[in-house]
Amino acid sequence: MVSRVRTVAFQGIEAVPVDVQVMIAPGKAGMQIVGLPDKAVAESRERVQAALHASGLSMPAKKVTVNLAPADLPKEGSHYDLPIALCLMAGLGAIPGDALGDYVVLGELSLDGTIAPVAGALPAAIGANALGKGLICPHGSGPEAAWAGPEFDILAPRSLIAVANHFRGTQVLSRPEASIHAPARDLPDLADIKGQESAKRALEVAAAGGHNLLMVGPPGSGKSMLAQRLPSILPPLAPRELLEVSMVASIAGELAGGKLTDRRPFRAPHHSASMAAMVGGGLRIRPGEVSLAHHGVLFLDEFPEFSPAVLDSLRQPLEAGECMIARANHRVTYPARIQLVAAMNPCRCGMAGEPGYRCARGPRCLSDYQARISGPLLDRIDLRIEVPAVSAVDLIRPAKSETSATVALRVARARSIQRERYERLGCASTTNAHCATALVEEIASPDAAGMSLLRDASEKMGFSARAYHRVLKVARTLADLDGVETVGRIHLAEAISYRMSGERLAQQAA
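Here is a short report on the structure shown in this document. (Residues numbered from 1 in each chain as written. Predicted model: local features only at pLDDT ≥ 70, side-chain atom pairs only at ≥ 80, totals over all residues. Heavy atoms only, no water.)

### Describing the side chain of Q370
(1) Moving on: For Q370, the location among the structural elements is in helix α14 (residues 363-370).
(2) Moving on: A distance of 2.8 Å separates a polar atom in the side chain of Q370 from the backbone oxygen of P346. (Helix = DSSP H or I, 4+ residues; strand = E, 2+ residues; numbered from the N terminus. Polar contact = N/O pair within 3.5 Å; in protein donor to acceptor, adjacent residues only side chain to side chain.)

### Remarks on the pattern of salt bridges
(1) Moving on: Within the structure shown, the criterion is met by 24 salt bridges.
(2) Moving on: Here R240 makes a salt bridge to E244, at a shortest N to O gap of 2.9 Å. Taken as a pair, R240 and E244 lie in helix α9 (residues 239-251) at a separation of 4 residues, close to a single helical turn.
(3) Moving on: We note a salt bridge from D379 to R466, for which the minimum N-O separation is 3.2 Å. Of this pair, D379 sits in helix α15 (residues 375-379) while R466 sits in helix α20 (residues 465-482), and the two are 87 residues apart along the sequence.
(4) Moving on: Here the salt bridges do not stand alone but share partners, grouping E319, D379, R380, D382, R466, R470 and R499 into one network. (Salt bridge = Lys/Arg side-chain N within 4 Å of Asp/Glu carboxyl O.)

### Notes on helix α6 (residues 160-168)
(1) Moving on: The buried fraction of α6 is high, at 7 of 9 residues.
(2) Moving on: Turning to α6, its buried residues number three or more, namely L160, A162, V163, A164, N165, H166 and F167.
(3) Moving on: Positive phi appears at G169, one or two residues downstream of α6, with a value of about 90°. (Buried < 20%, exposed > 50% of the residue type's maximum accessible area, 1.4 Å probe, protein only.)

### Focus: the sheet that holds strand β12 (residues 297-300)
(1) Moving on: Taken together, the 5 strands give an open sheet; going across it, the order is β11-β12-β15-β10-β16, and neighbouring strands pair in parallel fashion. Among the strands making up the open sheet, the edge pair consists of β11 (266-267) and β16 (383-386).
(2) Moving on: Inspection of the sheet shows strand β10 (residues 213-216) paired to strand β15 (residues 339-344) by 4 bridges, in the parallel sense. Note on β15: the bridge partner recorded for L213 is V341. (Pairing = 2+ DSSP bridges.)

### What to know about the packing of helix α19 (residues 448-461) against α20
(1) Moving on: In contact at an axis separation of 11 Å, α19 and α20 are set at 145° when each is read in the N-to-C sense. Crossing angle aside, the handedness with which α19 passes α20 is right-handed. The segment α19 lies against α20, with M451, L454 and S458 engaging Y468, V471 and L472.
(2) Moving on: Here the residues of the contact of α19 with α20 sort into 5 nonpolar, 1 polar and no charged. (Axes fitted to C-alpha atoms, helices over the stretch in contact; angles between N-to-C directions. Left-handed = near helix turned anticlockwise from the far one by under 90°. Contact = heavy atoms within 4.5 Å. Nonpolar A, V, L, I, M, F, W, Y, C, P; charged D, E, K, R; others polar.)

### Looking at the pairing of strand β4 (residues 63-69)
Regular strands place their side chains on alternate faces of the sheet.
(1) Moving on: In this structure, strand β2 (residues 14-25) lies alongside β4, joined through 7 bridges in antiparallel fashion. Among the inter-strand pairings, Q21 is bridged to a residue of β4, identified as N67.
(2) Moving on: Taken together, the 5 bridges between strand β3 (residues 30-34) and β4 define a ladder with parallel strand orientation. Note that in β4 the partner of G30 across the bridge is K63.

### Considerations on unusual backbone geometry
(1) Moving on: In this chain, A69 is followed by P70 through a cis amide linkage whose omega measures 5°.
(2) Moving on: With respect to the element layout, P70 can be found in the loop between β4 and α3 (81-92).
(3) Moving on: With phi around 55°, Q196 is a residue other than glycine that occupies positive phi space.
(4) Moving on: Along the polypeptide, Q196 turns up in the loop between α6 and α7 (197-209).

Written out as structure tokens, the structure is:
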């Protein structure tokens with residue numbers, strides 16, 4: 001007789017159904033797992049046997065074969081422990097054989113029979129709900145799984161004994177409650193920054209339209225402080241965005257306590273990060289920093305210090321909004337719709353262009369350092385600004401600038417205008433930065449004076465087709481901040497000025 005339990009394998013953020021089959025038959029006593037298991041799945045044999053023994057059950061003195069179907073799909077992770085154990089318990093008669101047919105099961109077993117939390121409970125719950133089945137998951141993973149639906153059947157036991165008692169009717173497992181993190185109240189505030197008014201304006205424009213931003217300036221000018229305050233002016237995640245972000249975090253095992261949050265991700269990897277850490281991959285493929293920043297901010301401090309290959313690996317996610325990781329036997333795609341914010345010194349010594357300072361290496365110090373950033377990557381950055389050193393007058397000045405709450409209101413108003421526009425047009429985009437190129441010229445069509453300025457600037461500065469459309473997107477955002485429908489000359493002038501800093505950067509690096 002063959003016992004069956006349904007579980008899942010993860011491909012990207014998608015949960016693929018896997019059928020766990022257990023046969024207890026005459027033969028040499030032992031347990032064999034087949035179906036392309038990795039090392040963690042193969043070791044389930046020892047964990048399952050120890051957990052059953054701790055729960056008062058003994059392995060039969062027969063041959064036990066566990067098949068994970070489809071057999072040609074690689075199986076990775078420790079979440080196969082619980083389905084294998086429950087399937088085996090059904091075969092031994094410890095729980096009714098038909099009790100598990102309405103559930104998808106996942107969980108890792110401890111040697112004492114308790115069930116440990118696993119990554120991917122939320123995608124598994126969504127997949128189970130789509131199949132019309134319930135979910136059995138670890139108690140610690142229950143709160144995140146509960147977000148799959150209010151009527152969704154979830155069992156979140158703490159141990160194997162609790163599962164057995166539930167199906168025997170001697171103990172009732174209550175449905176876990178969906179939980180969410182309290183809104184963050186300790187975010188750094190823009191009012192803490194003295195001076196740098198032009199940089200704050202660029203930060204507001206970047207937040208309003210979801211544009212990529214590069215800040216160039218000497219050490220101590222406040223670049224990192226500005227970037228750290230960007231989350232305080234960004235609007236909360238929309239429900240659909242919240243679900244997508246949480247699914248990526250669940251796969252990566254980064255949902256603390258199973259609690260979701262509507263705060264946009266802010267990832268700031270060190271410049272020693274490898275390509276697999278940045279875009280995903282590894283021996284067991286996992287999402288990288290780009291995907292973990294989905295619908296949020298990826299902040300790269302000391303921008304040129306990252307490996308050139310790592311930086312250029314960002315070009316496809318910035319353009320397509322996803323990371324595709326290809327291997328010889330399979331391919332995985334993770335969402336990566338990010339806002340890139342980068343900060344860098346003008347040269348290796350950091351003081352190029354500062355009054356009264358002369359670099360010992362001369363112009364090559366600046367050109368060699370900035371040449372580490374490729375032209376195609378730089379072309380994908382909408383706003384490039386110079387952040388000069390703060391003067392003593394700015395530091396002594398007692399008056400504080402605008403608070404993040406004040407700026408956040410303007411950003412939210414501009415984002416609301418964009419969302420309504422794209423919903424009216426039936427477009428999937430929610431911000432100007434991610435608007436389709438074919439639509440940009442329609443929604444950001446400038447007036448006659450603005451078109452004349454854009455034409456002259458394009459000819460003089462040699463804009464690429466991408467640069468041309470990105471200038472229009474930034475101008476559209478500036479018009480949305482002003483609450484006007486028509487993109488005027490003043491909006492295009494400011495948008496072009498943000499591009500000119502990058503053109504000077506490219507010329508200095510040449």
